[in-house]
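# Observations on the three-dimensional arrangement
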Amino acid sequence: MSEQSRRPRKPGKPYRRPHKDPVRILAFDALRAVDERDAYANLVLPPLLRKAREKGDFDVRDAALATELVYGTLRRQGTYDAIIAACVDRPLREVDPPVLDVLSLGAHQLLGTRIPTHAAVSASVELARVVLGDGRAKFVNAVLRKVAQHDLDGWLATVAPPYDEDPEDHLAVVHSHPRWVVSALWDSLGGGRAGIEDLLEADNERPEVTLVARPGRADPQELLREDAAVPGRWSPYAVRLTEGGEPGAIDAVRESRAGVQDEGSQLVALALAGAPLDGPDEKWLDGCAGPGGKAALLGALAAQRGAVLLAAEKQPHRAGLVARALHGNPGPYQVVAADGTRPPWRPGSFDRVLVDVPCTGLGALRRRPEARWRRRPEDLEGFAPLQRALLRGALDSVRVGGVVGYATCSPHLAETRAVVDDVLKQRPHTELIDARPLLPGVPALGAGPDIQLWPHLHGTDAMYLALIRRTA
């Protein structure tokens, strides 16, 4: 029996069914999946949108609004939590998670969009009536009316500690990042307040969809014929879709001649492919190939030189994704399910080796905003042994005179330079190659010889790359 049917109706007041708003219900369902199943929004949202379109509930504007509500709420979750906490009479941990999701969606509409105040409150209350019931809808109404009393700047002046008293906590609240992440990013970036604020702001911006035209299979000019498509900033194979869109509807993407790939990821592959070698250039290895973006670009580049790519991925289902990405590659390649920490191939078999190691993903917070709330400092300890083992395996796999690229989508020093330094101390017959000249025209790559890309400086994920030559 529902809450409404148990409660006696007031005389003369007819029952009004709650208005079902498909856009906000879908956004709520996506947030619940992220919270309950540790799902990623970029994996949950597309099938929900596709199903809604198939039912005829959605048009393009509805899909855009639902996407903004989901990603905007996730990006600003820490800020909204601080504001909501100031408007309720209990600790947030005592507020049921579904109620908190409705409140966060409402807070984002009030403070992060141009939706009028009355519309944002009433739509959120109607959503609460549908998904939570009338009783909790009244609670939502009361809280959001308090939230609506100030704009975002007014609230930040109230809930964020002054910068001079606690810089990291101030930045954490204002820019909606966990304090430990702010500290780690600041250590990696260096510099003063302006740089870290620019980086944190960039993490909260909606990233453009970036495509790669795989060499020998697609031409960037073909992709540039798409609506709102412009050339990439740095990679000659990159095309940016400035207004988003559906990459899967593009012929070249559907046929695997092109793919969705951040420009930073493309630059990592291009730098490894361009590194000077001593001796032959015939056998390439991608030792952590899943889900296949870098492998597909490396495979296309290798084919142009008559080289063969071996793409290895430990997880069989991810190896399947790699095989799908490489399908149709113009040159010879092989995909295997193999553990790069215990290579099944003979030592010294390859001329070029890439290991894009598993990591915390702190460099891709623009694309996976929920990751910032899931990760913990102790996660670094879990990744550290694997990252070092994969780099050691890569150095074993490359021949003398060959080159290894160690890459990670995290700028955290514990996952980048600390790993490279630790491993190379145990491997005296190696040398770091200055990777910066291999990316001509790309500014602000750091002091070298390794490179660090940044969202606010390069418009890419915060990819890290160190190139290492085996000398003996």
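What comes next is a walk through the structure. (Residues numbered from 1 in each chain as written. Predicted model: local features only at pLDDT ≥ 70, side-chain atom pairs only at ≥ 80, totals over all residues. Heavy atoms only, no water.)

As a further point, take the packing of helix α15 (residues 263–274) against helix α16 (residues 293–305). In contact at an axis separation of 9 Å, α15 and α16 are set at 30 degrees when each is read in the N-to-C sense. As summarised for this structure, α15 and α16 are arranged roughly parallel, according to the angle between their axes. Between α15 and α16 lies a crossing of right-handed hand. Contacts between α15 and α16 involve Ser 265, Gln 266, Val 268, Ala 269, Leu 270, Leu 272, Ala 273 and Gly 274 on the former and, on the latter, Lys 294, Leu 297, Leu 298, Leu 301 and Arg 305. Taken together, the residues of the contact of α15 with α16 sort by class into 8 nonpolar, 3 polar and 2 charged. (Axes fitted to C-alpha atoms, helices over the stretch in contact; angles between N-to-C directions. Helix = DSSP H or I, 4+ residues; strand = E, 2+ residues; numbered from the N terminus. Parallel < 35°, antiparallel > 145°, perpendicular 65-115°, else oblique. Left-handed = near helix turned anticlockwise from the far one by under 90°. Contact = heavy atoms within 4.5 Å. Nonpolar A, V, L, I, M, F, W, Y, C, P; charged D, E, K, R; others polar.)

With that settled, consider the packing of aromatic side chains. Think of a pair of aromatic rings as described by two things: how far the centres are apart, and how the planes are tilted against each other in angle. A full pass over the atoms with the stated rule returns 2 aromatic pairs. Centre to centre, the rings of Trp 345 and Phe 350 are 5.8 Å apart; their planes meet at 90 degrees, and the pair counts as edge-to-face. Each ring, one from Tyr 406 and one from Tyr 464, has its centre 6.4 Å from the other, and the planes form 70 degrees; the classification is edge-to-face. Residue Tyr 406 is found in strand β9 (residues 398–408), and its partner Tyr 464 is found in strand β12 (residues 464–470); the two are separated by 58 residues along the sequence. Across the pair, exposure class does not vary: Tyr 406 and Tyr 464 are buried alike. Sitting over the face of the ring of Tyr 40, Arg 368 holds its NZ or CZ atom 4.0 Å from the ring centroid. (Phe/Tyr/Trp six-rings, centres within 6.5 Å; stacked < 30°, edge-to-face > 60°. Buried < 20%, exposed > 50% of the residue type's maximum accessible area, 1.4 Å probe, protein only. Lys NZ or Arg CZ within 6 Å of the ring centre and 35° of its normal.)

By the element assignment, Thr 73 lies in helix α4 (residues 60–75). Of the residues examined, Thr 73 reaches a relative accessible area of 0% and is grouped as buried. Setting aside anything within four residues of it in sequence, one finds Thr 73 in contact with Leu 31, Glu 68, Tyr 80, Ser 104, Leu 105 and His 108.

With that out of the way, let us pick up empty space enclosed by the protein. Counted by the stated rule, this structure contains 2 cavities of 30 Å³ or more. Estimated volume of the largest cavity: approximately 50 Å³. Around the largest cavity, the lining residues are Leu 285, Gly 287, Gly 340, Pro 343, Trp 345, Val 353, Val 355, Leu 390, Gly 393, Ala 394 and Ser 397. By residue number, the principal contributor to the lining of the largest cavity is helix α19 (residues 379–397), which donates 4 residues. (1 Å grid on protein atoms, 1.4 Å probe; cavity = no way out; pocket = protein on both sides within 12 Å on 5 of 7 lines; lining within 4 Å. Points joined across faces, edges and corners; volume = space filled by probe spheres on them.)

To continue, consider the sheet that holds strand β1 (residues 209–213). Spatially, the 4 strands line up as an open sheet ordered β2-β3-β1-β4, and their pairing is antiparallel. Only two strands of the sheet have a single partner each, and these edge strands are β2 (229–231) and β4 (258–260). Taking each pair of neighbouring strands and ignoring which way they run, the sheet shows an average axis angle of 30 degrees. Strands β1 and β3 (238–241) of the sheet are contacted by α15, whose axis makes an angle of about 30 degrees with β1. (Pairing = 2+ DSSP bridges.)

It is worth spelling out the pairing of strand β7 (residues 333–336) at this point. Relative to β7, strand β6 (residues 308–312) runs parallel, the two sharing 4 bridges. Across the sheet, Leu 310 pairs through a bridge with Gln 334, a residue of β7.

Regular strands show a simple pattern: their side chains alternate between the two faces of the sheet. With respect to burial, β1 is a largely interior element, 5 of its 5 residues being buried. Note that β1 and β3 share 4 bridges and pair antiparallel. Bridge assignment links Thr 210 to a residue of β3, and that residue is Arg 240. Here β1 runs beside β4; their pairing, made up of 3 bridges, is antiparallel. When the sheet's bridge partners are listed, Ala 213 is paired in β4 with Ala 258.

The next thing to look at is the packing of helix α2 (residues 22–37) against α4. Closest axis-to-axis distance for the α2/α4 pair is 9 Å, and the angle between their directions is 35 degrees. When the axes of α2 and α4 are compared, the crossing they make is right-handed. Residues Val 23, Arg 24, Leu 26, Ala 27, Ala 30, Leu 31 and Val 34 of α2 form the contact with α4, whose participating residues are Asp 62, Leu 65, Ala 66, Leu 69, Val 70, Thr 73 and Leu 74. The residue makeup of the contact of α2 with α4, split by class, is 11 nonpolar, 1 polar and 2 charged.

Formed by 50 residues in total, the largest nonpolar core has its most connected members in Phe 58, Val 70, Ile 84, Val 140 and Val 147. Only α2, α3 (41–55), α4, α5 (77–85), α6 (97–112), α7 (117–131) and α8 (134–147) provide two or more residues apiece to this core. With 9 residues, α2 is the single largest residue contributor to this core. The contacts of Ile 84, once residues within four sequence positions are left out, are Leu 92, Leu 100, Leu 103, Ser 104, Ala 107 and Val 143. (Core = buried A, V, L, I, M, F, W, Y, C linked by side-chain atoms within 4.5 Å.)

What follows concerns unusual backbone geometry. Residue Gly 290 is joined to Pro 291 through a cis peptide bond whose omega torsion reads 0 degrees. Of the consecutive residues Gly 448 and Pro 449, the connecting peptide bond is found in the cis state with omega at 0 degrees. Here Pro 449 lies in the loop between β10 (430–433) and β11 (451–452). With a phi angle near 55 degrees, Ser 176 is a residue other than glycine that sits in the positive phi range. Counting through the fold element by element, Ser 176 comes out in the loop between α10 (167–175) and α11 (179–189). Taking the relative accessible area as the measure of exposure, Ser 176 reaches 0% and is therefore buried.

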